[in-house]
Amino acid sequence: MSQKSVVFQRTTTAAALLLAGLLATGAAHADTLKKIKDSGSVTMGVRESSGALSYTLGDGKYTGYHVEICERVLSDVRKQLGLSSLSVKYQPVTSQNRIPLVENGTVDIECGSTTNNAARQKQVAFAVTTFVEEVRIAVKANSGITSINQLAGKNVATTTGTTSVQTLRRHERANGVDFKEVFGKDHADSFLLLESGRADAFVMDGSLLAGLIAKSKNPAEFRIVGEVLSVEPIAIMMRKDDPAFKKAVDDSISAMIKSGDVAKLYDKWLLQPIPPANTKVGLAMSDNLKAALASPNDKPAEDYAKK
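What comes next concerns the included structure. (Residues numbered from 1 in each chain as written. Predicted model: local features only at pLDDT ≥ 70, side-chain atom pairs only at ≥ 80, totals over all residues. Heavy atoms only, no water.)

Our next topic: the environment of Arg 98. Summarising the element assignment, Arg 98 is placed in helix 4 (residues 98-103). Residue Arg 98 is classed as buried on the basis of its relative accessible area, which comes to 3%. Residues Arg 98 and Gly 45, spaced 53 residues apart in sequence, show a C-alpha to C-alpha distance of 7.5 Å. The contacts of Arg 98, once residues within four sequence positions are left out, are Arg 47, Val 93, Glu 110, Ser 113, Thr 114, Arg 120, Gly 161, Thr 162 and Met 237. (Helix = DSSP H or I, 4+ residues; strand = E, 2+ residues; numbered from the N terminus. Buried < 20%, exposed > 50% of the residue type's maximum accessible area, 1.4 Å probe, protein only. Contact = heavy atoms within 4.5 Å.)

Here's what the structure looks like:
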């Protein structure tokens, strides 16, 4: 055997071993139910400031509409696995790192404000839709801005890693409108850009805008304006290629939908006063969400755009 052949064989063997290791790691991550049963613990991805869907109360405590849905799902998973107890670790994630942390096994179930779209479905899996967003624009009430075409020459805030400004740029009314993007590291930071005058508008999911305005020092100073930029299904996110875990999550959520518990949770978090300031988001359930709950599905945003 020539030296070149030996080198090639060693390289091929090393590559095969590396691939086998990667596949083994992926397989271990993909069997989430086994991981949970063996460890007696699960890691839930949560957001610091995703409006009423997922937010922090401080001191490592997280709550919200999707957080409570996930807590109930994990309670059902615990029963399914025959565990007497289950330790739930809350892992804060951002728009930038949420998908990588699910993919690499750090987070088992992400319970924030993630849009289910076709591109993301190539990387991760989504549970049946539990929220449907309408992307809108928040401005200062005295700004005079009421429409997309008034954003020309303005600073528009967005949160790093989100889809909202791309959605704005694609909108037919934004054709020829030249604005500058300014980035916040999370939704609270993006709202601060608007609040402090460093941004003239903040483009984001309507419920997040409503929640941030409700919690601001002077809610009357802000207004949600303009056209609905897009309709986006928001769902709980999991690792891809793990049908057993997805089924457990979907079955639990579908049972909550059927019993009316999801509707009750929506009322609790979106229509009633919520902690810590006991303010109301005041966002009535949209017709799109009513339709999604009437026929539970995990269709991506592109399916909504076809309507």
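Now that the structure is up, let's keep going.
For a regular strand, the rule is simple: side chains alternate between the two faces of the sheet. The buried fraction of strand 11 (residues 201-205) is high, at five of five residues. As paired strands, strand 8 (residues 131-140) and strand 11 are joined by four bridges and run antiparallel to one another. Within the sheet, the bridge partner assigned to Ala 138 lies in strand 11 and is Phe 202. (Pairing = 2+ DSSP bridges.)

Aromatic ring pairs are defined here through the distance separating the ring centres and the angle between the ring planes. Within the structure shown, the criterion is met by six aromatic pairs. Ring geometry for Tyr 55 against Trp 269: centres 6.3 Å apart, planes inclined by 75°, an arrangement best described as edge-to-face. You can see Tyr 55 sitting in strand 3 (residues 54-58) and its partner Trp 269 sitting in helix 10 (residues 261-271), a full 214 residues away along the chain. Note on Phe 131 and Tyr 266: the rings are 6.0 Å apart at their centroids and 20° apart in plane angle, and the pair reads as stacked. Residue Phe 131 is located in strand 8, and its partner Tyr 266 is located in helix 10; the two are separated by 135 residues in the primary sequence. Taken together through their ring pairs, the aromatic side chains of Tyr 65, Phe 131 and Tyr 266 make up a single cluster. (Phe/Tyr/Trp six-rings, centres within 6.5 Å; stacked < 30°, edge-to-face > 60°.)

This next bit is on the sheet that holds strand 11. What holds strands together in a sheet is hydrogen bonding between their backbones, with the strands either parallel or antiparallel. One open sheet holds the five strands; their spatial order is 10-9-11-8-12, and the pairing between them is mixed. Each end of this open sheet is capped by a strand with a single partner; those strands are strand 10 (180-184) and strand 12 (222-234). The mean inter-strand angle of the sheet, taken between neighbouring strand axes irrespective of direction, is 25°. Sitting on the sheet, helix 8 (residues 206-215) is in contact with strand 8, strand 11 and strand 12, with an inclination near 50° to strand 8. The strands touched by helix 11 (residues 287-294) are strand 8 and strand 12; relative to strand 8, the strand with the most contacts, the crossing angle is about 165°. (Axes fitted to C-alpha atoms, helices over the stretch in contact; angles between N-to-C directions.)

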